[in-house]
Amino acid sequence: MNWTEFFAMKGYALYVWGSYGIVLLVLMVEIILVRHKRKITLQQLRLIRDAESLESI
Amino acid sequence: MAINWFKYSAPSTFYGLAGKMIPWLAWPAALLFCTGMYIGFFVAPTDAVQSEAYRIIFVHVPASILSMLIYLVMAGYAALGLIFNTRLSSMMATALAPTGALFAFISLWTGALWGKPMWGAWWVWDARLTSELILLFLYLGFIALQSSIEDPRRADRAGALLAIVGSVNVPIIYFSVQWWNTMHQGSTVKLSGTSMHIAMQQAMFSMLAAMWLYAIAISLSRVRSIILERERNTLWVAELAEVKQ
């Protein structure tokens, strides 16, 4: 079996790779979004803390 | 020895526990995913009827199973939150919804890409496909409803009602292939055994385990941000190393 033949999937390339491609894309996007959300949440917590410590001065 | 199970129902202790658990779930998930892909493409033989197109099964079936399972877990957590007024259960329900919605989407997408070459249609309005589409809409409805209500506790209760009522859809999806005459095939793997080639089973169960662990890991990561957001006025959050810096 050579690679060209493998990627051709006996004519079903669009369907097979279209399925696996979207799975990888969806999972990667979800991981990025969850990480981004954590970063933003922590940033906001620090901003609130800094704003409050400014008020108390 | 008595274990205090309620200890971890407090958001403050659960936050730390979840953080420690994530790598122990995420790395085995990645490993199982690669194993499943390898067996699925290089060990499992070509199908006699569906040729190479059948390989979609290794992502389609696990994603579909998880889309239903996550819904039940989400509805269960939402119900616990509603009945016992436990904040963490409601936060878990909120954290599970986006992951469940994504698995429902993957199920429908890969199903369409499998349906086209095998049935000649991307989509048919039959019982299995329609009820899975309703599942995706239930997830999206739950997310939209919760984000439209400003008070988090009220959002939890409204979401819980929707999640509980919507859970009748899950057995409908599961039994749809038996109850109605449908295009969709029945289960290949049953309790009584299967006609499936051993390598095909190994690939499918590796992928199922991988996606299952992934779903737990990503939901735990998401719930950690939700906990921080909702507990932002507490001392324990203010004293966390990642907040203090």
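Notes on the structure follow.

Another point: the overall build of chain A. Scanning chain A from N- to C-terminus turns up two helices and zero strands. The C-alpha radius of gyration of chain A comes to 23 Å, more than 25% above the 10 Å expected for a compact globule of 57 residues.

This brings us to the environment of Phe58(B). Residue and element names in this part refer to chain B. Along the chain, Phe-58 turns up in helix H2 (residues 57-84). Through-space distance from the C-alpha of Phe-58 to that of Ala-121 is 21 Å; in sequence the pair is 63 residues apart. With near-sequence residues (within four places) excluded, Phe-58 lies in contact with Gly-36, Gly-40, Ala-203, Met-204 and Met-207.

A positive phi angle is found at Met9(A), which is not glycine, with a value near 50°. By C-beta crowding, Met9(A) is classed as partly exposed, having 18 other C-beta atoms within 10 Å. In this model, Ser51(B) sits at a positive phi of 55°, which is unusual for a non-glycine residue. You can see Ser51(B) is positioned in the loop between helix H1 (11-43) and H2. Residue classification places Ser51(B) among the partly exposed residues on the basis of 14 C-beta atoms within 10 Å.

Here we come to H1(B). Residues and elements named next belong to chain B. In a regular helix each residue adds 1.5 Å, so 33 residues correspond to 48 Å; H1 covers 45 Å between its end C-alpha atoms and thus fits that length. Largest kink in H1: about 30°, centred on Met-21, with the proline Pro-23 one to four residues after it. Of the positions making up H1, those classed as buried are Pro-11, Phe-14, Tyr-15, Ala-18, Leu-25, Ala-29, Leu-32, Phe-33, Gly-36, Met-37, Ile-39 and Gly-40. Residues of H1 that are buried sit in contact with H2, helix H3 (87-119) and helix H7 (198-230).

Met74(B), Ala93(B), Met207(B) and Tyr214(B) are the most contacted members of the largest nonpolar core, which totals 73 residues. Mapped onto this core, the elements with two or more residues apiece are helix H2 (13-55) of chain A together with H1, H2, H3, helix H4 (127-148), helix H5 (152-166) and H7 of chain B. Per element, the largest residue contribution to this core is 17 residues, and it comes from H7(B). Not counting residues within four places of it along the chain, the set of residues in contact with Ala93(B) comprises Met74(B), Tyr77(B), Ala78(B), Gly81(B), Gly159(B), Ala160(B) and Ala163(B).

Conventions used here
- Residues numbered from 1 in each chain as written.
- Chains lettered and ligands numbered in written order.
- Predicted model: local features only at pLDDT ≥ 70, side-chain atom pairs only at ≥ 80, totals over all residues.
- Helix = DSSP H or I, 4+ residues; strand = E, 2+ residues; numbered from the N terminus.
- Rg over C-alpha atoms; globule rule 2.2 N^0.38 Å.
- Contact = placed C-beta atoms within 7 Å.
- Buried ≥ 20, exposed ≤ 12 C-beta atoms within 10 Å, placed from the backbone.
- Expected span 1.5 Å × (residues − 1).
- Bend = angle between axes of the 7 residues up to and from the residue.
- Core = buried A, V, L, I, M, F, W, Y, C linked by C-beta atoms within 7 Å.

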